[in-house]
Amino acid sequence: MDIFESVGMDPLGIPALDPRAPLAVRMRPQSIEDVLGQDHLLQAGSPLRRLLEPQDQSRAVSSVVLWGPPGVGKTTLAYLVARSSGRHFEEISAVSAGVKEVRAVIAAARRRLGASGEETILFIDEVHRFSRSQQDALLPAVENRWVTLIAATTENPSFSVVAPLLSRSILLTLEPLGDDDIAKLIDRALADKRGLDARIDIEDDARELLVRLAGADARRSLTLLEAAAATAIDAGSAAITADHVSKAADAALVRYGEDEHYDVASAFIKSMRGSDADAAVHYLARMLEAGEDPRFIARRIMIAASEDVGLADPTALQTAVAAAQAVQMIGMPEARIILAQAVIAVAIAPKSNASYMAIEAATKDIHDGKSGPVPAHLRDAHYPGAKKLGHGQGYIYAHDEPYSIAAQQYLPDELEGTRYYVPTNNGFEANVTKRLAKVQERLKMR
């Protein structure tokens, strides 16, 4: 029978293939070999591999939480587990279901298990949207193995899943898909009978743009591919071009190749360093509209907050880290607002590269062989025989001294007197400069 002849649910309760479904649904992997980017979870003997095997209560995993960004295959893995293991499949969306629906599914699973011994996979998408009481309702079913729970979330389970449920679950982290994975997925969809069935080709720059726009999200890449293919076919084109992709995305996208990718990222960093908030926001918007991964941008902001601002404004790094965490939890398009706030905060902050210069200078000394033995009084003295070696002898406990500053040698003999950290007079670091001068004077009093 043709794969498109069956519509609805298969005997296990898994949604069957539907030729009218979106391309992203039609191209769901039908076997574990088709799954991209998650090899670390599919090793022999792994919890996920055990779930994929036929029903065996003695080796079963009672609960699994799949944590990862959108479009990396969480739902697909749940379907494959049910299909490969022969378990019945039930799916609940945390967006629309309540405690009543959860209890009804669990009750049916208990009846099924008692009557025929058939196990049930209960897949809950976006479990972080469940309230505490809704998540608590799952505990008896998980503990008694009335169901095999697979819960999916895009948010950190430590904050979004109640502790009792999380402690009874195996946490599996799915990685973002790489550019090669997305490109392979696009080519597969173009050729596969379930997909576009080789009815149209794609130009290299169009594929590159699709990969950028996907942002490591398989679902998004296929949604854009389907729209771009329709645009190209309507125009009578034999191949999808970058213009087709741009029109399909319904946005004035800034398209750039790999070289300009680095140029724009460089200009973005240098604008923040140069305190030009307007230019920094411009390059931020340019990268986002070109499909850059927001997490890549967040990492650049965190680096700038430490390398270029440092202790001139210690809050800049806090803001950048908070923004990076929020971007991971929220996603686009709202993430652009959070990124803009962090970019502006870093751009307008007073600047100091003193921390960066300090670690660079210290690293250079290490590479040049300038290290030397640790002074004896600073060495570990908490083991038998240390006293005979003189380790720890003469060490001065800082908190016993005035201002909690102990005047003693800390650097190795070869580096005694070396200064790595030289603070500026910018922003908060001006206070650090004054304090450090007093600290250095007291350290010399030994």
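Residues numbered from 1 in each chain as written. Predicted model: local features only at pLDDT ≥ 70, side-chain atom pairs only at ≥ 80, totals over all residues. Heavy atoms only, no water.

A. Representation of the nonpolar core within the structure. One finds I186, L190, I202, L222, L225, I240 and V245 to be the most contacted residues of the largest nonpolar core, which totals 53 residues. Counting residues per element, this core draws most heavily on helix α11 (residues 218-234), at seven residues. Beyond its immediate chain neighbours, meaning those up to four positions away, L190 contacts L196, D197, A198, I200, I202, L225 and I240. If you look at the next biggest cluster of nonpolar residues, it comprises 27 residues, including A265, F268, L284 and A304. (Core = buried A, V, L, I, M, F, W, Y, C linked by side-chain atoms within 4.5 Å. Buried < 20%, exposed > 50% of the residue type's maximum accessible area, 1.4 Å probe, protein only. Helix = DSSP H or I, 4+ residues; strand = E, 2+ residues; numbered from the N terminus. Contact = heavy atoms within 4.5 Å.)

B. Structural detail: the packing of aromatic side chains. Tallying each qualifying case throughout the model produces two aromatic pairs. Relative to F89, the ring of Y79 has its centre 5.0 Å away and its plane inclined at 75 degrees; by these criteria the two rings are edge-to-face. Taken together, the positions of Y79 in helix α3 (residues 74-85) and F89 in strand β2 (residues 88-93) put the pair ten residues apart, joining distant regions of the chain. Residue classification places Y79 among the buried positions, given a relative accessible area of 10%. Feature note: the residues Y79, F89 and F123 constitute an aromatic cluster, connected by ring pairs. (Phe/Tyr/Trp six-rings, centres within 6.5 Å; stacked < 30°, edge-to-face > 60°.)

C. Examining the side chain of H391 more closely. Secondary-structure assignment places H391 in the loop between α18 (354-367) and α19 (429-443). For H391, a relative accessible area of 14% gives the class buried. For H391, the side chain forms a polar contact with the side chain of R379, separated by 3.4 Å. For H391, the contacting residues outside a window of four places in its chain are A376, R379, D380, A381, Y383 and A386. (Polar contact = N/O pair within 3.5 Å; in protein donor to acceptor, adjacent residues only side chain to side chain.)

D. The arrangement of the sheet that holds strand β1 (residues 63-67) in detail. Strand order across the open sheet formed by five strands is β2-β3-β4-β1-β5, with parallel pairing between neighbours. Of all strands in the sheet, those with a lone pairing partner are β2 and β5 (170-173), marking the two edges. Neighbouring strand axes in the sheet, compared pairwise and without regard to direction, differ in orientation by 20 degrees on average. Relative to the sheet, α3 contacts β1, β2, β3 (120-125) and β4 (148-153), its axis offset from that of β3 by approximately 175 degrees. (Pairing = 2+ DSSP bridges. Axes fitted to C-alpha atoms, helices over the stretch in contact; angles between N-to-C directions.)

E. Expanded view of the environment of E414. With respect to the helices, strands and loops of the structure, E414 is situated in the loop between α18 and α19. For E414, a relative accessible area of 51% gives the class exposed. Each C-alpha atom, one on E414 and one on K370, is 7.0 Å from the other, the two residues being 44 residues apart in sequence. In this structure E414 touches G369, K370, S371 and G372, once residues within four positions along its chain are discounted.

F. Structural context of a negative patch on the surface. A cluster of acidic side chains, namely D201, E203, D205 and E208, defines a negative patch on the protein surface. Mapped onto the secondary structure, D205 falls in helix α10 (residues 204-214). For D205, a relative accessible area of 43% puts it in the partly exposed group. (Patch = residues over 30% accessible without salt bridge, like charges linked within 9 Å, V, L, I, M, F, W, Y side chains within 5 Å. Areas by Shrake-Rupley, 256 points an atom, 1.4 Å probe, with all protein chains shown as cover. Salt bridge = Lys/Arg side-chain N within 4 Å of Asp/Glu carboxyl O. Lys, Arg positive; Asp, Glu negative; His and termini not counted. Charge placed at Lys NZ, Arg CZ, Asp CG, Glu CD.)

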